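What follows is the residue order along each chain.
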Amino acid sequence: MEELYNTGNTSPAASVASADIAAEFAALTVEEQERQRAEWSQELARVEEEINTLRTVLASKTRHASDLKRKLGITVWKEITDDMNQGIKSVKESSVFQRTESVLKSTSEKTASVFGTITSGISSKFSQMKNSESMRSIEEKVGSAYENVKTKVSTSRSGSVSSFPDALNENNSPTGLNSP
């Protein structure tokens, strides 16, 4: 019988209460048990009727609220947007967000500082490389080769060489100008 009246609550207090109710019910005579069941059935019918009435009233109130919102121009989209904005505002005002934002700002500042240091270091190294003796030597050789090819191309307009690749080939040949 205890299973018949168990409400699904498994706490120790609920188990004791269910056991007490079952014991009291079992102590009743058959006629009293039938009368108790009839009472409970009537009470259940009343409660279910009240629930149905409340559902009907709630549905009516919901429709009325929807009509009023429509008349006021409040759309579902506007409600969602307002809810989202309120949620974002609440998050931004929370102390956790404030601390997180502070940590992120600090981290980004430190990262920017590190990248600035790295960038200036790289720029400094490039500047040193540019001013080095070996870089000047490479620049001179490239400049000399460029001038040789340029001279070949400009003289080829009136001569036998007709294009830049031909000038390069001629420059690299044993009879051409010496490359650097």
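Nothing here was measured: the structure is a model prediction, and the numbers come from that model. (Residues numbered from 1 in each chain as written. Predicted model: local features only at pLDDT ≥ 70, side-chain atom pairs only at ≥ 80, totals over all residues. Heavy atoms only, no water.)

Undergrad: How would you sum up the overall build of the protein? Please name residues and give values.
TA: A tally of helices and strands in the protein yields seven helices and zero strands. Scanning the protein from its N terminus toward the C terminus, one meets helices and strands in the order α-α-α-α-α-α-α. Considering the protein as a whole, with its 180 residues, one finds that 8% of them fall into the buried category. (Helix = DSSP H or I, 4+ residues; strand = E, 2+ residues; numbered from the N terminus. Buried < 20%, exposed > 50% of the residue type's maximum accessible area, 1.4 Å probe, protein only.)

Undergrad: Any chance you could break down the packing of aromatic side chains for me, citing the residues and the numbers?
TA: Under the counting rule described, the total for this entry stands at one aromatic pair. Ring geometry for F25 versus W40: centroids 5.6 Å apart, planes at 25°, classification stacked. With a gap of 15 residues between them, F25 in helix α2 (residues 12–27) and W40 in helix α3 (residues 30–72) connect regions that are remote in the sequence. Note on W40: relative accessible area 31%, which makes it partly exposed. (Phe/Tyr/Trp six-rings, centres within 6.5 Å; stacked < 30°, edge-to-face > 60°.)

Undergrad: Can you lay out the UniProt feature "coiled-coil region" (unreviewed entry) in the protein for me, pointing to particular residues and giving the numbers?
TA: UniProt records the feature "coiled-coil region" (unreviewed entry) at residues 23–57, using the numbering of this structure. Helix makes up 94% of residues 23–57 and strand makes up 0%, while its end C-alpha atoms are separated by 40 Å. (UniProt positions renumbered as here; feature names shortened; annotations may be inferred.)

Undergrad: Quick one: what's the story with the pattern of salt bridges, residue by residue and with numbers?
TA: Considering all chains together, one arrives at four salt bridges under this definition. For E79, the salt bridge goes to K69, with nearest N and O atoms at 2.9 Å. Of the two residues, E79 sits in helix α4 (residues 76–93) while K69 sits in helix α3, which places them ten residues apart along the sequence. By relative accessible area, which is 27% here, E79 ends up partly exposed. (Salt bridge = Lys/Arg side-chain N within 4 Å of Asp/Glu carboxyl O.)

Undergrad: Could you give an account of a nonpolar patch on the surface, with specific residues and numbers?
TA: Taken together, the side chains of V114, F115, I118, I122, F126 and M129 present a nonpolar region at the surface, about 600 Å² in accessible area. Relative to the assigned elements, I118 resides in helix α5 (residues 95–130). Residue I118 is classed as partly exposed on the basis of its relative accessible area, which comes to 42%. (Patch = residues over 30% accessible without salt bridge, like charges linked within 9 Å, V, L, I, M, F, W, Y side chains within 5 Å. Areas by Shrake-Rupley, 256 points an atom, 1.4 Å probe, with all protein chains shown as cover.)

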